[in-house]
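Structural description and commentary
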Amino acid sequence: MGMGRGAGSTALGLFQILPVFLCIFPSVTSPCKILKCNSEFWAATSGSHHLGAEEAPEFCTALRAYAHCTRRTARTCRGDLAYHSAVHGIDDLMVQHNCSKDGPTSQPRLRTLPPGDSQERSDSPEICHYEKSFHKHSAAPNYTHCGLFGDPHLRTFTDTFQTCKVQGAWPLIDNNYLNVQVTNTPVLPGSSATATSKLTIIFKSFQECVDQKVYQAEMDELPAAFVDGSKNGGDKHGANSLKITEKVSGQHIEIQAKYIGTTIVVRQVGRYLTFAVRMPEEVVNAVEDRDSQGLYLCLRGCPLNQQIDFQAVRSAQATEGRARRKGPSLPTPPEAFTYETATAKCREKLPVEDLYFQSCVFDLLTTGDVNFMLAAYYAFEDVKMLHSNKDKLHLYERTRVLTPGNTAPTGTHPTLWVALLCLYWLCLL
């Protein structure tokens, strides 16, 4: 993932290890802003490998600004390994480039890379364009979709729909080409209602197409660049087969990974994040050992002990005519919804009473936060854009993924047996 000669190359050596720390030790609720410091430094020095020796002071200025940023967030970053790695790395870079710790700390202007640089190439090898690599006589790839939104609701690659607790860090995708991990945190203190507060995506280095790249978003911070400040796949010839586009500043980004035929949409709705992806089946199933792959939510679904039957809760809420919430003794949400008012609110954006609509109602009742209505709405908008089968946009029946590592008892549900028995006796009368 080299950036060339000079300061940029030296700096890169330090930050190749940072994504590892960020993924292995995710910050669940910490306000540590080391990610922001990293991004600002990389944005300021992204063209430093084109600088001559006479421009080294500008690199030192950026480095001092970086050090100043880490000092500002020091109190909230205690125990954060990425933070401590950055602090030690800054000291090393200061020594290597003979930078004084005293001096200007204003951020230099972002540099425009010269024409012909890999960041500007539009030509790519055929292998770096998934669809073009298919020969004319080959069948077109079959695309699948996975999405995560709200409290949180999961639509898997097999079009199953689940509502899960999954508090903490969980893998959404884990295959030969990329890893996606989400961190879910309680919406209210003491509540088992959770939502996605952090998202990490690792694109693995691929042939002559892209270097390894890491994208990370957190609550109130949706960057339009990778962790290293770049917006494409790096210095390789097919760099532009991986590209980030900002659709709405701070609210909506899209990542195109053409070399694996994949589109990812990340949104911030209210304080929390939503995730949606369109991916070829071939890529979805590209794992070394599927049986021992472990948990991979988009493929296997949530474990049974993490699933919530929100339809049963919704039915109880409708019957009782009041808002029930997950977990005991939950705090009163900012705005209390009844079943009727939640239904009316969700119908404003989701007129079809499918599982997205039902999820919206459930989330308003459990959180009282109207932004969860918007999360359900945008999740369905992403399905319309990303799903290849327009007949499967709406889902009406909650389903569970039953795999060897995620099984449920077979047979008819006891409630159904009771209903059938009652019907039988009514027929005899």
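Described below are features of the structure shown in this document. Quantities reported herein were computed from a predicted structural model and do not represent experimental measurements. Throughout, a residue's number is its position along its own chain's written sequence, starting from 1. With pLDDT at 70 or above as the cut-off, local features in this predicted model cover only qualifying residues; side-chain atom pairs require 80 or more to be listed or tallied, and sums for whole chains, interfaces and linings still use all residues. Based on all heavy atoms of the structure, the side-chain values leave hydrogens and waters out of the count.

In this description a helix means any DSSP run of H or I spanning at least four residues, a strand means any run of E spanning at least two, and both kinds are numbered starting from the N terminus. Each helix and strand counted, the protein has twelve helices and twelve strands in total. Residue burial in the protein is summarised as follows: out of 429 residues, 51% are buried. The buried label applies to any residue whose accessible area, calculated with a 1.4 Å probe on protein chains only, is under 20% of its type's maximum; exposed applies above 50%, and partly exposed to all values in between.

So, about unusual backbone geometry. A negative phi holds for most residues other than glycine; trans holds for most peptide bonds. Here the phi dihedral of Asn98 falls at roughly 50°; this positive angle occurs in a residue that is not glycine. For Asn98, a relative accessible area of 71% gives the class exposed. A positive phi is found at Gln207, a non-glycine position, where the angle reads about 40°. When its relative accessible area of 45% is taken as the criterion, Gln207 is described as partly exposed.

If you trace the four strands from one edge of the open sheet to the other, you get E4-E5-E6-E7, paired in antiparallel fashion. Each edge of the open sheet is held by one strand with a lone partner, namely strand E4 (168-174) and strand E7 (213-218). Neighbour-to-neighbour, the strand axes of the sheet open up by a mean angle of 20°, direction not taken into account. Should DSSP find at least two bridges between two strands, the strands are taken to pair. Note that E4 and strand E5 (residues 178-186) share six bridges and pair antiparallel. Within E5, the position partnered with Pro171 by the bridge is Gln181. Axis lines are fitted through C-alpha atoms, for helices just across the contact stretch, and the angle between N-to-C directions can take any value from 0 to 180 degrees.

Among the eight residues of strand E10 (residues 262-269), eight are classified as buried, and the element is accordingly described as predominantly covered. In terms of strand pairing, E10 meets strand E11 (residues 272-280) through seven bridges, oriented antiparallel. Each bridged residue has a counterpart across the sheet, and for Val266 the counterpart in E11 is Phe275. In sequence, E10 turns back onto E11 through a hairpin of two residues, with Gly270 there showing a positive phi of about 70°.

Okay, the state of the cysteines next. Disulfides are defined in this document as cysteine sulfur pairs within 2.5 Å. Going through the model one piece at a time under the given rule, you end up with six disulfides. Residue pairing for Cys146: its cysteine sulfur links by disulfide to Cys298, the two sulfurs lying 2.0 Å apart. Given an S-S torsion of about -75°, the disulfide between Cys146 and Cys298 has left-handed geometry. Placement of the pair is Cys146 in strand E1 (residues 143-149) and Cys298 in helix H7 (residues 297-300), with a sequence separation of 152 residues. Since its relative accessible area comes to 0%, Cys146 is described here as buried. Taking relative accessible area as the criterion, Cys298 reaches 0% and is therefore assigned buried. Bridging Cys164 to Cys302, the disulfide has an S-S length of 2.1 Å.

Along the chain, Ala62 turns up in helix H4 (residues 56-72). Classification of Ala62 by relative accessible area gives buried; the value is 1%. Taking the C-alpha atoms as reference, Ala62 lies 7.2 Å from Thr45; in sequence the two are 17 residues apart.

Counting buried positions along E11 gives eight out of nine residues, so the element sits mostly inside the fold. Where E1 and E11 come together, six bridges link them in antiparallel fashion. Counted as the bridge partner of His145 is Arg278 from E11.

It is worth spelling out the sheet that holds strand E8 (residues 242-248) at this point. Picture the strands of a sheet paired through backbone hydrogen bonds; they go either parallel or antiparallel. Taken in spatial order, the eight strands line up as E8-E9-E10-E11-E1-E2-E3-E12 in an open sheet, and their pairing is antiparallel. Bordering the open sheet on either side are E8 and strand E12 (307-308), each of which pairs with just one other strand. The contact definition used throughout considers only heavy atoms, calling two residues in contact when any of these lie within 4.5 Å. Contacts from helix H11 (residues 371-386) reach E1, strand E2 (153-155), strand E9 (252-257), E10 and E11 within the one sheet, and its direction differs from that of E10 by about 165°.

Here we take up the packing of helix H9 (residues 339-349) against helix H10 (residues 355-367). In the contact formed by H9 and H10, the axes pass within 9 Å of each other and the chain directions differ by 130°. In terms of orientation, H9 lies oblique with respect to H10. Crossing of H9 against H10: the hand is right-handed. Contact residues: H9 offers Tyr339, Ala342, Thr343, Lys345, Cys346 and Arg347, while H10 offers Phe357, Cys360, Val361, Leu364 and Leu365. Note that Gly is not counted as nonpolar here; it falls among the polar residues with everything else outside the nonpolar set of Ala, Val, Leu, Ile, Met, Phe, Trp, Tyr, Cys and Pro and the charged set of Asp, Glu, Lys and Arg. Here the contact of H9 with H10 is composed, by residue class, of eight nonpolar, one polar and two charged. Should an angle lie under 35 degrees it is considered roughly parallel, over 145 roughly antiparallel, and from 65 to 115 roughly perpendicular; all remaining angles are considered oblique. Handedness of each helix crossing follows the sense of rotation of the near helix against the far helix: counterclockwise by less than a right angle gives left-handed, clockwise gives right-handed.

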